Amino acid sequence: MKSLREVLDWAEEKKVAIGHFNVSDSLGFKAVVETAKDLDVPVIVGVSEKERDFIGLEEVVALVKTARENNLNVFINADHTYSLERAMAAIDAGVDSIVVDGADKTFAENIALTKEVVSYARSKNTEIIVEGEIGFIGKSSKVIENLPDGVSLETQTNPEDAREFVKETGIDLLAPSVGNVHGIVKTGNPKLNIERIGEIHKAVGIPLVLHGGSGIADEDFRKAIKAGIRLIHINTEIRVAYKEGIEEGLKSSEIAPYQFLAKGVEEMKKVIRERLKLFNGL
Ligand code: 13P
C-alpha cells in the first residue's frame with residue numbers, strides 16, 4: 001500500500017486531484033470506500049472536529065486501517081482542527097493527515113498554531129501530512145442563502161502571504177481561498193480564481209488543496225486541477241444526498257435499518273462517483 005505522501009506525488013505526476021469526502025458515520029464511510037474501490041482510485045475520508053466526535057476518532061481510524069489492510073488506498077484526515085489539543089489528540093490516534101484551520105485568526109496567530117502542529121506531528125511520525133489554511137472561506141457545510149459573512153475578493157489568498165506562510169510553518173499542503181466557499185450557495189457558488197491558484201502554486205511549490213468543493217462547476221474543477229490543485233474536499237453535496245436518500249427510504253414500510261438507510265448510501269455514492277471520476281480524469 002502507498003503512503004499518503006506517495007499518493008500525493010502520484011497525483012502530481014498524473015495531474016489529477018485526490019477526492020476527500022467528509023463523513024459523520026459508518027454509512028458515509030461505506031459510501032466513500034466502496035465507490036473508490038469500484039473506480040480503483042485513492043481516496044481520503046475526512047472528519048472535522050464535530051464529525052469525529054460523532055463517529056468516534058479511534059473508531060474511524062480503525063475503519064480506515066482495516067480498509068487499507070484490504071489493499072485499498074484509503075486515508076483518514078482530521079479535517080478543520082482549531083486547537084493544538086485537538087490536533088495532538090488526532091495525531092496520537094493515528095490519522096494520516098491533519099488540517100490546521102487558523103484561517104479566521106490573525107496571520108501571526110495562524111502561523112504560530114500551524115507551526116506547533118507541524119512540530120508535534122513531525123516528532124510523532126514524519127509520514128503525517130500537515131495542511132495549513134489561509135484566507136477565510138466560511139465554516140459551514142450546508143445550503144446557504146448567500147456568500148458567508150466575511151468572504152470577499154479581498155479575503156482571497158495573496159501569493160506572497162502564501163509563500164511566507166509555507167516557509168514559516170513547514171506545512172506539506174496549503175488550502176488557499178480562491179473563490180471557493182464552504183457550502184452550496186442557493187444563488188450559485190462563485191467562480192474559482194484560476195489565475196490566483198496558478199500564482200499561489202508557483203509561489204509555494206507544494207500541492208494545493210481546494211476546500212468548499214460543493215457547488216463548484218465541473219469546468220472550474222478541471223481548470224483548477226490543471227493549475228495545481230491536488231486534493232479536493234466535498235461535504236455539503238453528500239450531506240444533501242444522504243438526507244434526501246434517507247427521507248426516501250423512510251417512506252417505505254421497511255423497518256430494517258439496512259433497508260431504509262440503503263437509499264441514503266446509494267445517493268451518497270452517486271455524488272462521490274461523479275466527483276471521483278472528474279477529479280481523476282476518468
Ligand atoms: P463543502 O461542504 O463546500 O463541500 O466543503 C467541504 C470542505 O471543504 C470540508 O473540508
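Quantities reported herein were computed from a predicted structural model and do not represent experimental measurements. (Residues numbered from 1 in each chain as written. Predicted model: local features only at pLDDT ≥ 70, side-chain atom pairs only at ≥ 80, totals over all residues. Heavy atoms only, no water.)

Student: It is not clear to me how the nonpolar core should be interpreted in this structure. Could you clarify?
Tutor: It is characteristic of soluble globular proteins that their nonpolar side chains tend to be buried jointly. Judged by nonpolar contacts, the single largest core of 73 residues is most densely connected at Val45, Val117, Leu174 and Ile232. Isoleucine 232 has contacts with Ala17, Ile18, Gly19, His20, Leu210, Gly213, Phe221, Ile225 and Phe279, leaving out every residue within four places of it along the chain. (Core = buried A, V, L, I, M, F, W, Y, C linked by side-chain atoms within 4.5 Å. Buried < 20%, exposed > 50% of the residue type's maximum accessible area, 1.4 Å probe, protein only. Contact = heavy atoms within 4.5 Å.)

Student: Sorry, what's going on with the site of the ligand here?
Tutor: Contacts to the ligand come from 15 residues, most closely from Asp79, Ser141, Gly212, Ser214 and Thr236. Within the contact set of the ligand, an oxygen atom lies 2.6 Å away from a side-chain nitrogen or oxygen of serine 141. Bound to the protein, the ligand loses 99% of the 310 Å² it would expose on its own. Put simply, the parts of the chain that give the shell around the ligand at least two residues each are β3 (74-81) and β10 (229-234). Considered class by class, the residues forming the shell around the ligand number two nonpolar, 12 polar and one charged. (Near = heavy atom within 4 Å. Polar contact = N/O pair within 3.5 Å; in protein donor to acceptor, adjacent residues only side chain to side chain. Areas by Shrake-Rupley, 256 points an atom, 1.4 Å probe, with all protein chains shown as cover. Helix = DSSP H or I, 4+ residues; strand = E, 2+ residues; numbered from the N terminus. Nonpolar A, V, L, I, M, F, W, Y, C, P; charged D, E, K, R; others polar.)

Student: Which parts of the structure should I look at to understand the UniProt feature "active site" (unreviewed entry) in the protein chain?
Tutor: When the UniProt feature table is mapped onto this chain, "active site" (unreviewed entry) is found at Asp79. By secondary structure assignment, the location of aspartate 79 is in strand β3. Residues contacting aspartate 79, with those up to four places away along its chain left out, are His20, Asn22, Val47, Ser48, Glu49, Arg52, Val99, His211 and His233. (UniProt positions renumbered as here; feature names shortened; annotations may be inferred.)

Student: Teacher, can you tell me more about the packing of helix α4 (residues 57-69) against helix α5 (residues 84-93) here?
Tutor: Packed helix pairs are specified by the crossing angle of their axes together with the interaxial distance, meaning the distance between the axes. Axis separation between α4 and α5 bottoms out at 10 Å; the angle between their running directions is 35°. In the packing of α4 onto α5, the handedness of the crossing is right-handed. Facing Leu57, Glu58 and Val61 of α4, the residues of α5 in contact are Ala89, Ala90 and Ala93. Looking at the contact of α4 with α5, its residues break down into five nonpolar, no polar and one charged. (Axes fitted to C-alpha atoms, helices over the stretch in contact; angles between N-to-C directions. Left-handed = near helix turned anticlockwise from the far one by under 90°.)

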